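Fold and geometry: a report
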Amino acid sequence: EALGLYGHDREVWLPIFTIASLIGSDILKDVKGYAEELGAIKQQYEYQEERLITRAILLLYRDVYQQSSSLEPNVHIPSVEFQASTLLPYVKQAAMEAGEYDEGVFERYWTSRRVGRLLTKMKIFKRTIRGRSVYTVSASQLRGLFKRYVLFRRYIGRASGGLPVKQSALTTTKSTTW
């Protein structure tokens, strides 16, 4: 029967499901419910940094668009280019909006190097110009990042029956996100 679990989670839960099914269907149902709940909690904390970086890129994208549209009304911004250090203030803003900002922790933890490593881990296109790494994100790639790191978490939360989820930052102009 389809369990909806893959990889390591499947390896961990399959023997437990087998034992529960031998005991009784009501126990199996309870164990499956617990596995889904635990999976949702695990998913909530997974990719937390990537969600913050994704939100920061969106904030940067919006700033670039607002600056360009003030000069040319019907402007289309196909992509944005930035350095990791350029993204830091946007990471700070995204953390503040998410209620995860603590100045001391932020200053110690979030560095240009960390942001650069996360961007590389997220497979953001990078090239070197005059010895500096410059990252490029297109609008379609930004949508893909939201699907991968933000919307997927939302789907898992709903499937588990209950983790609260906020509105998408792609569809609103408010500062609420994941």
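The structure displayed is predicted, hence computed values, not measured ones.

A closer look at the sheet that holds strand S1 (residues 79-82)
With respect to topology, 3 strands assemble into an open sheet ordered S1-S3-S2, the strand pairing being antiparallel. A single partner strand is all that each edge strand has here, and the edge strands are S1 and strand S2 (125-129). Pairs of neighbouring strands in the sheet enclose a mean axial angle of 25°, with direction left out of account. Of the pairings in the sheet, the one linking S1 to strand S3 (residues 132-138) comprises 4 bridges and is antiparallel in character. What sits directly across from Glu81, in S3, is Thr136.

Side note on the confidence of the model for the protein
On average, residues of the protein score 82 in pLDDT, and 83% of them are at 70 or above. A low-confidence stretch, residues 153-178 (pLDDT under 50), is modelled with 50 contacts involving residues beyond four sequence positions or located in other chains.

Details of the packing of helix H3 (residues 48-71) against helix H4 (residues 84-98)
Viewed as axis vectors pointing N to C, H3 and H4 meet at an angle of 115°, and their least axial separation amounts to 8 Å. Judged by the angle between their axes, H3 and H4 are roughly perpendicular. In terms of crossing hand, the pair formed by H3 and H4 is right-handed. Judged by residue contacts, Leu52, Ile53, Arg55, Ala56, Ile57, Leu59, Leu60 and Asp63 of H3 engage Leu87, Tyr90, Val91, Gln93, Ala94, Ala95 and Glu97 from H4. Grouping the constituent residues of the contact of H3 with H4 by class yields 11 nonpolar, 1 polar and 3 charged.

A look at unusual backbone geometry
Phi at Lys123 takes a positive value of approximately 65°, unusual for a residue other than glycine. Of note, Lys123 is situated in the loop between helix H6 (112-121) and S2. What makes Lys123 exposed here is its relative accessible area of 66%. One non-glycine residue, Arg130, lies in the positive phi region at around 50°. With respect to the helices and strands, Arg130 occurs in the loop between S2 and S3.

Re H6
Listing the buried residues of H6 in full gives Val115, Gly116, Leu118 and Leu119. The buried residues of H6 occupy one face: seen down the axis, they fall within an arc of 165°. For H6, exposure combined with an orientation more than 90 degrees from the buried face picks out Arg113, Arg117 and Lys121. Where H6 is buried, its residues meet H3, S1, H4 and S3. Residue Lys123 follows H6 closely and has a positive phi angle near 65°.

As for the pairing of S3
As judged from the 5 bridges shared by S2 and S3, these two strands associate in the antiparallel manner. In the sheet register, Thr128 faces S3, and the bridge partner there is Ser133. Where S2 folds back on S3, the antiparallel hairpin that results is connected by 2 residues, among which Arg130 adopts a positive phi of roughly 50°.

Here is what the cut-offs are and how they apply
- Sequence order as written defines the numbering, with residues in each chain counted from 1.
- Given that this is a predicted model, residues contribute local features only at a pLDDT of at least 70 and side-chain atom pairs are listed and counted only at 80 or more, while totals for whole chains, interfaces and linings are drawn from all residues.
- Excluding hydrogens and water, the side-chain values take into account all heavy atoms of the structure.
- When DSSP finds two or more bridges between two strands, those strands count as paired.
- In DSSP terms, a helix is any run of H or I states spanning at least four residues, a strand is any run of E spanning at least two, and both are numbered starting from the N terminus.
- Interaxial angle, 0 to 180 degrees, is taken between N-to-C directions of lines fitted to C-alpha atoms, where a helix line uses only the stretch in contact.
- pLDDT expresses, on a scale from 0 to 100, how confident the predictor is about each individual residue.
- Whether two residues are in contact is decided by their heavy atoms: any pair within 4.5 Å suffices.
- For this classification, under 35 degrees means roughly parallel, over 145 means roughly antiparallel, 65 to 115 means roughly perpendicular, and everything else is oblique.
- By convention the crossing between two helices is left-handed if the near helix lies anticlockwise of the far one by an angle smaller than a right angle, and right-handed if it lies clockwise.
- Note that Gly is not counted as nonpolar here; it falls among the polar residues with everything else outside the nonpolar set of Ala, Val, Leu, Ile, Met, Phe, Trp, Tyr, Cys and Pro and the charged set of Asp, Glu, Lys and Arg.
- Relative accessibility decides the category of a residue: with a 1.4 Å probe and only protein chains considered, values under 20% of the type maximum give buried, values over 50% give exposed, and everything between is partly exposed.
- The reported arc concerns the directions from the helix axis to the C-beta atoms and nothing else.

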